[in-house]
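Chain by chain, the residues run as shown.
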Amino acid sequence: MLSLLAVLVLMPGRASAQPAPEYSLAELLRRVGAYLNQPAVRGPDTTAAVAAVRGGIPTEMGENLDLRVQDRARVLRQALLRPEPAAADAAALKGLYTALAASQDVQALAVKGGGMARGAAARDLAAWARASGARLPPRVRGLLTGPARLIDDKALVAAGWGGYVRALTPADFSAAAARRGWSAPPEALRLDESLKAVLDSLDQKVLDAGEQVQAHVLAADLYRGLSRADLRGRADAGAVATAAGLPVLAEGPEPPPESSVPFDPRAIYQKDAKSVVLILCASNSGAGELGTGSVVDVARRRILTNAHVVIRAATVQPWEQIRVYFKPAHMTGDPKQDLQNPVTGRVIAYDRALDLALVEVPSLPADVTGIALGDPRSAEIGDRVAAIGHPEQGGLWTLTTGVLSARVADIGGVAGKNAFQTDTSINRGNSGGPLLDASGRLVGVNTSMARKAADGLAITAVNFAIRSDVARRWMAAQDELIAYGGPTVLVAATNAPPARPAPYAAPLSAVPVASAAPSAAAARALPPAPVAVTESRPYSRDAILRAQMAEMDQMGDEMHEEIQQTLSR
């Protein structure tokens, strides 16, 4: 097993008073990359059952103290994303992050076995406890500065850790909201991304004792890095454009209500699934993102998706690798077989405030016809809609259905970012995919979901999709002019009047699915062809990302070998 923490060797007997080392951002990221790229960490598949029961320090009553602190830290992080944030909020956030670091060190010591890396956790805990002075309960301070063999999560709670955490997170707490157009500095985002990757490895994978200790110690160092970082927000120049400033397009005549079209999920899936793609993004360091997209312009090979799928938050730039997968003719439910022959995507435009992006690919399969834009004026609350995407722990190219629940204006505080609320099931992996009306037209771009209220209660069936008219106007500003009702692209002419949109297309039920209709006699003789909608075998997001990383590594090795052969000739 790779020993990443050899420089931190300290046998876990009596804890040392030496201060915890202050690693630079570059050194922290190097250590995280080395940990994540170990075969023992990259290899195991995600285990959903493990994720549900591991992580954090619980009290005797089952309260997860880490989650309590993390929730308060998220609120304070948002309060710093504004001009002249309160100094008290920054100071409180530092205390929360150092407490989370201490929790991770304690969890490292609670692992049976784990080797010499446990000594680093003992040393850092003792140094923090002594520096904290009277702020820590005396019994907690005594435990953390005493023999490391006595320290674990149960002993910490028995010493009064729960009371300390509750003092850090008072019930009557309130903080300012984030200012639109402000984001965290790149250093903080890189730390966030690295911390998430390390904690995901703990929560979602089966690791041996050595890797568990490494992960906890790394997470503690990352939390300490956040406690020292400047987390004050910065104006996000170039990413605050709103739909209110986009061009006004001719809307054409009022379309008929969509409720008059029969809702046939099978027909919608047959018509549109082949024009829905899986987008897999990755960096050379092992981080990645997975989402969905819709082919909206066949002639120019353009795919509409969410900006947060293809733009890396840590760098505010497109991911180094963007691969686009098309639906195979026959789904097997096995990602290794269903995800074949990807093409490389290139981001040609994006807007982080509107959460929209256009990706261009070098080629499309012959059967991809594109998804037409639907006019949202024809959609009414209560209309049936469908989504196609790749929900995490679900199947690839999954179909879900529901209704339009509400119209929401200026979602997220962004002027003109109008959305549909829907109860159609949407989860991670659906981001950027289409919300489809009864005619199989895209009336929304699935973008977000509500899962937790301010008081911690769970929220279900509240999901949001950016309306098609917002996406259409934004694409027009990127020289991508598309009419409602069909995939025809309108080309703007200089000094010419605005192009008239194409006539409203016939409903889906009137569009033949097969390229050649059989005779009536043949139709009676042939049984109806089954349509696979949702495969029963779930896919693992992390497993797919690991496969992409392995393929990238193999391509890099092959390229290096070719270069060496060329030089030796």
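To start, this report covers the structure provided alongside it. (Residues numbered from 1 in each chain as written. Predicted model: local features only at pLDDT ≥ 70, side-chain atom pairs only at ≥ 80, totals over all residues. Heavy atoms only, no water.)

1. Focus on the pattern of salt bridges
Side-chain pairing between opposite charges can occur once the charged atoms of the two side chains come close.
Step number 1: Enumeration over the complete set of coordinates arrives at 21 salt bridges.
Step number 2: The salt bridge partner of D272 is K271, with a shortest N-O separation of 3.6 Å.
Step number 3: According to the relative accessible area criterion, D272 is buried, its value standing at 0%.
Step number 4: Residue classification places K271 among the partly exposed residues on the basis of a relative accessible area of 22%.
Step number 5: Among the salt bridges present, the one from R467 reaches D469, with a minimum N-O distance of 2.7 Å.
Step number 6: Classification of R467 by relative accessible area gives buried; the value is 14%.
Step number 7: Because the salt bridges share partners, they merge into one network encompassing R31, D105, R123, D124, D221 and R224. (Salt bridge = Lys/Arg side-chain N within 4 Å of Asp/Glu carboxyl O. Buried < 20%, exposed > 50% of the residue type's maximum accessible area, 1.4 Å probe, protein only.)

2. Side note on the nonpolar core
Step number 1: Formed by 63 residues in total, the largest nonpolar core has its most connected members in L144 and W161.
Step number 2: It is helix α5 (residues 87-110) that provides the largest number of residues to this core, a total of 10 residues.
Step number 3: Leaving out residues up to four positions away in the same chain, W161 has contacts with L65, A99, A102, W128, L136, V140 and L156.
Step number 4: If you look at the next biggest cluster of nonpolar residues, it comprises 42 residues, including V276, A353, L442 and Y539. (Core = buried A, V, L, I, M, F, W, Y, C linked by side-chain atoms within 4.5 Å. Helix = DSSP H or I, 4+ residues; strand = E, 2+ residues; numbered from the N terminus. Contact = heavy atoms within 4.5 Å.)

3. Side note on the environment of D153
Step number 1: Among the structural elements, D153 can be located in helix α8 (residues 153-158).
Step number 2: Taking relative accessible area as the criterion, D153 reaches 21% and is therefore assigned partly exposed.
Step number 3: Through-space distance from the C-alpha of D153 to that of L109 is 8.5 Å; in sequence the pair is 44 residues apart.
Step number 4: Apart from the residues within four sequence positions on either side, D153 is in contact with I57, V106 and A110.

4. Looking at the sheet that holds strand β12 (residues 384-389)
Step number 1: With antiparallel pairing, the six strands of this closed barrel are ordered in space as β12-β13-β14-β17-β16-β15. Looking at each pair of strands side by side, their axes are set apart by 45° on average, direction ignored.
Step number 2: Sheet topology places strand β14 (residues 419-422) next to strand β17 (residues 463-467); four bridges connect them, and they run antiparallel. Across the sheet, the residue bridging to Q421 is F464, located in β17.
Step number 3: In this fold helix α15 (residues 468-477) packs onto β16 (442-449) and β17, with an angle of close to 45° to the strand it touches most, β17. (Pairing = 2+ DSSP bridges. Axes fitted to C-alpha atoms, helices over the stretch in contact; angles between N-to-C directions.)

5. Things to note about the side chain of T422
Step number 1: Within the secondary structure, T422 sits in strand β14.
Step number 2: One polar contact links T422 to T424, side chain to side chain, over a distance of 2.7 Å.
Step number 3: In contact with T422, other than residues within four places in its own chain, are V385, V403, S405, L435, A461, V462 and N463. (Polar contact = N/O pair within 3.5 Å; in protein donor to acceptor, adjacent residues only side chain to side chain.)

6. Digging into the packing of α5 against helix α11 (residues 209-228)
Step number 1: Where α5 meets α11, the axes come as close as 8 Å, and the angle between the chain directions of the two elements is 170°. In terms of their interaxial angle, α5 and α11 are classed as roughly antiparallel. Between α5 and α11, the residues in contact are K94, Y97, T98, L100, A101, Q104, D105, Q107 and A108 and V213, H216, V217, A219, A220, Y223, R224, L226 and S227, respectively. (Parallel < 35°, antiparallel > 145°, perpendicular 65-115°, else oblique.)

Keep in mind these numbers describe shape, not what the thing actually does.
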